[in-house]
Amino acid sequence: MSSASFPANSDLKAILDAAGGMIIATDLAGTVRIFNPAAERLLGWRAGEVVGRHAPALWHDPAEVAARAAELSQELGRTVLPGFEVFVAKVRDQINEQRQWTFIRKDGSRFPVQLVVSAIRDEAGEITGYLGAAQDLTARVEAEQERDRFLNVSLDMLGIANTDGYFKRINPTFCRVLGWSDEEFLSRPFLDFVHPADQAATLCEVEKLAAGEPTLHFENRYRCKDGSWRWVAWTCTPQPDGTLYAAGRDVTELKQAEEELRQTKQDLAITLNSIGDAVLATDAARRITRMNPVAEQLTGWTQSEAVGRSIEEVFRIINEETRRPAVIPVDDVLATGIVHGLANHTVLIARDGTERPIADSAAPIRDDAGQITGVVLVFRDVAAERQFERELQQLNADLERRIEERTRRLVESEQRLRNGSQILDMVASDATLHETLDVIARSVESEDPSVLCSILLLDESGKYLLHGAAPSLPDFYNQAIHGIEIGECVGSCGTAVTTKRRVIADDIHTHPGWTNFLSLADKAGLRS
């Protein structure tokens, strides 16, 4: 400061020397009259170099001055030329000018300042000069830049709003997520962008914030510029002056995933409840996690009762033949990851003791990484199948028996046809009676291997039996019968010829017609 050029008392000098901010005073024309130590330190100029000079242009950016002149000309409705008039035009109208400027040091480096310009008046109230007080904003600007860098790289929507319903500042994520520019978003109440169905809840949340209650989690939908909607999850901290520091995260994909998962679970539940087989799932610790209605019916346990219990407690199975506990394949599946089935003859014992034969298979449940997280058992009541199998086996046996019987009859019929054809051929040929009767007897025996056929003839007198043909009877028997006189007690044939009725001797030893011929019959091996 040059006190010679601008007389001041010692108290004023002490104040100016101790001031931490820059203080620069000029006369009406802009000539520097005071340049305090803080100004010397921050701008690099000594007071002696600038006092007495029209010096503000030394530390002001000409481009900023020219831009401000254009703004003032439009604002005040008169031409304001670039120069000293830019700093004092509004002050003359009794309006202190407070504005951020870029100061240029003597070495050419730059730094931001907050400059307040006010008028210096004499005792009569006339303006005698101007006083500029400037604060170095470097630290604040750097902090703001660091804050802005943090806001700009954040994937979340970070903003400063107010309980008046407007956002005051937002980071670029707002634009990336919603598509609105800063100007478009900040110029309208944020409720304009909220889904109509969410507006009432949003207003209620703002009222809580206005009362000082922070928002820990709140979700609503915001309209994008393209007309679509995005779900945003908010946290917000209120300040006493109504300022709201808000952080929002786009959870649209999460919401969609949750809905897809919900739909998948619903579809799974519908599927499990619709299929005819019983389905039971466990976790990796062999605890039941899910059952469908068929499994509830077969085991006698409801899902709510069974969930969390061990598999053995709910799924009790034994071997049908040994009555010993059967192996539940859950452990094998957990150990090997391979699908396993139950052994044959497995019986499920329900909660009420009811026993049902079942068949099942067990397969692993894997997560996205392929790790086994549990086992699913699919089983069914095979009692009806067992009964059907038994009935089918019986039907097959009956069918085979009928086929065999039918085949036998066909064979016999064919044999009869062949025998009949052979007999007719012999009759038509020169074959003897004995040869023909022998063929007939053999034909009869061929139809039933257990039958011995004997054909006897009557002589011309009608009193004596003559041997006709008996190919399987011993000769001694045929000779003994040949020429025997008929009568009611002369065997079956002699009795039949005499009585002219069919005679059947079920047991030769008890039949009266064979009383006199038992030894002969026994010797020939005849029984009936």
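Residues numbered from 1 in each chain as written. Predicted model: local features only at pLDDT ≥ 70, side-chain atom pairs only at ≥ 80, totals over all residues. Heavy atoms only, no water.

Describe a nonpolar patch on the surface, listing the residues and the values that go with them.
On the surface, Phe 388, Leu 392 and Leu 395 cluster together into a nonpolar patch covering about 310 Å² of accessible area. In this structure, Phe 388 sits in helix H15 (residues 383-428). Among the residues examined, Phe 388 registers a relative accessible area of 52% and is labelled exposed. (Patch = residues over 30% accessible without salt bridge, like charges linked within 9 Å, V, L, I, M, F, W, Y side chains within 5 Å. Areas by Shrake-Rupley, 256 points an atom, 1.4 Å probe, with all protein chains shown as cover. Salt bridge = Lys/Arg side-chain N within 4 Å of Asp/Glu carboxyl O. Helix = DSSP H or I, 4+ residues; strand = E, 2+ residues; numbered from the N terminus. Buried < 20%, exposed > 50% of the residue type's maximum accessible area, 1.4 Å probe, protein only.)

An account of the sheet that holds strand E5 (residues 127-136) is requested, with residue identities and associated values reported.
Taken in spatial order, the five strands line up as E2-E1-E5-E4-E3 in an open sheet, and their pairing is antiparallel. In this open sheet, the two strands that pair with only one neighbour each are strand E2 (32-35) and strand E3 (97-104). The sheet shows a mean angle of 25° between the axes of neighbouring strands, taken without regard to direction. Both E3 and strand E4 (residues 110-121) contribute to a ladder of eight bridges, which runs antiparallel. (Pairing = 2+ DSSP bridges. Axes fitted to C-alpha atoms, helices over the stretch in contact; angles between N-to-C directions.)

I'd like a description of helix H4 (residues 62-76), backed by residues and values.
Between the first and last C-alpha of H4 there are 21 Å, a value that for 15 residues agrees with the 21 Å anticipated at 1.5 Å per step. When H4 is considered as a whole, its buried residues turn out to be Val 65, Arg 68, Ala 69 and Leu 72. The arc enclosing the buried residues of H4, seen along the axis, measures out at 110°, which places them on a common side. The outward face of H4, more than 90 degrees from its buried face, is lined by the exposed residues Ala 63 and Gln 74. Buried residues along H4 sit against helix H5 (85-92) and E3. Where H4 begins, one side-chain oxygen reaches toward the backbone nitrogen of Ala 63, 3.0 Å away; that side chain belongs to Asp 61. Downstream of H4 by one or two residues, Gly 77 has phi in the positive range, about 75°. (Expected span 1.5 Å × (residues − 1). Arc of directions from axis to C-beta. Contact = heavy atoms within 4.5 Å. Polar contact = N/O pair within 3.5 Å; in protein donor to acceptor, adjacent residues only side chain to side chain.)

Provide a residue-level description of the sheet that holds strand E9 (residues 229-238), including the pertinent values.
Strand order in the open sheet made by the five strands is E7-E6-E10-E9-E8, with antiparallel pairing throughout. Edge positions in the sheet fall to strand E7 (167-170) and strand E8 (215-223), since each of these pairs with one other strand and no more. With strand direction ignored, the average angle separating the axes of adjacent strands in the sheet is 30°. Examined bridge by bridge, E9 and strand E10 (residues 243-250) share seven bridges and lie antiparallel to one another. When the sheet's bridge partners are listed, Pro 238 is paired in E10 with Leu 244. Docked against the sheet, helix H9 (residues 199-210) engages E8, E9 and E10, running at close to 145° with respect to E8.

Tell me about the pattern of salt bridges, and please be specific about residues and values.
The final tally for this structure, using the stated rule, is 25 salt bridges. Across the salt bridge formed by Glu 49 and Lys 106, the nearest N and O atoms sit 2.7 Å from each other. Here Glu 49 is found in helix H3 (residues 47-50), whereas its partner Lys 106 is found in the loop between E3 and E4, with 57 residues between them in sequence. You can call Glu 49 buried: its relative accessible area is 18%. Take Lys 106: its relative accessible area is 42%, and that puts it in the partly exposed class. Arg 221 is paired through a salt bridge with Asp 198; the nearest N and O atoms lie 2.9 Å apart. Of this pair, Arg 221 sits in strand E8 while Asp 198 sits in the loop between helix H8 (182-186) and H9; the two residues are 23 residues apart in sequence, bridging distant segments of the chain. The two residues Arg 221 and Asp 198 agree in class, both being buried. Through salt bridges with shared partners, one network takes in Arg 46, Glu 49 and Lys 106.

Would you mind going over the packing of aromatic side chains in detail, with residue names and values included?
A full pass over the atoms with the stated rule returns 15 aromatic pairs. Ring geometry for Phe 167 versus Phe 190: centroids 5.6 Å apart, planes at 70°, classification edge-to-face. Here Phe 167, found in strand E7, pairs with Phe 190, found in the loop between H8 and H9; they are 23 residues apart in sequence, far enough to count as distant. Across the pair, Phe 190 and Phe 167 agree in class, each one buried. (Phe/Tyr/Trp six-rings, centres within 6.5 Å; stacked < 30°, edge-to-face > 60°.)

Please provide a residue-by-residue account of the packing of H4 against H5, values included.
Look at H4 against H5: their axes get within 9 Å of each other, and the N-to-C directions meet at 30°. Put simply, H4 runs roughly parallel to H5. Crossing hand, H4 versus H5: left-handed. On the side of H4, the interface is formed by Val 65, Arg 68, Ala 69, Leu 72, Glu 75 and Leu 76, while H5 contributes Val 86, Phe 87, Ala 89 and Lys 90. Looking at the contact of H4 with H5, its residues break down into seven nonpolar, no polar and three charged. (Parallel < 35°, antiparallel > 145°, perpendicular 65-115°, else oblique. Left-handed = near helix turned anticlockwise from the far one by under 90°. Nonpolar A, V, L, I, M, F, W, Y, C, P; charged D, E, K, R; others polar.)

So what's going on with the confidence of the model for the protein chain? Residues and values would help.
In the predicted model, the protein chain carries a mean pLDDT of 84, and the fraction of residues at 70 or more is 91%. Of all secondary-structure elements in the protein chain, the lowest mean pLDDT belongs to helix H1 (residues 10-18), at 62, while E9 reaches the highest, 94. Counting interchain partners and residues more than four positions distant, the pLDDT-below-50 stretch residues 1-8 has 12 contacts. (pLDDT = per-residue confidence, 0-100.)

Lay out the side chain of Ser 492 with the relevant residues and their values.
Assignment of secondary structure puts Ser 492 in helix H18 (residues 491-499). You can call Ser 492 buried: its relative accessible area is 17%. One polar contact links Ser 492 to Trp 514, side chain to side chain, over a distance of 2.9 Å. Ignoring any residue separated from it by four or fewer positions in sequence, one finds Ser 492 in contact with Val 503, Ala 505 and Trp 514.

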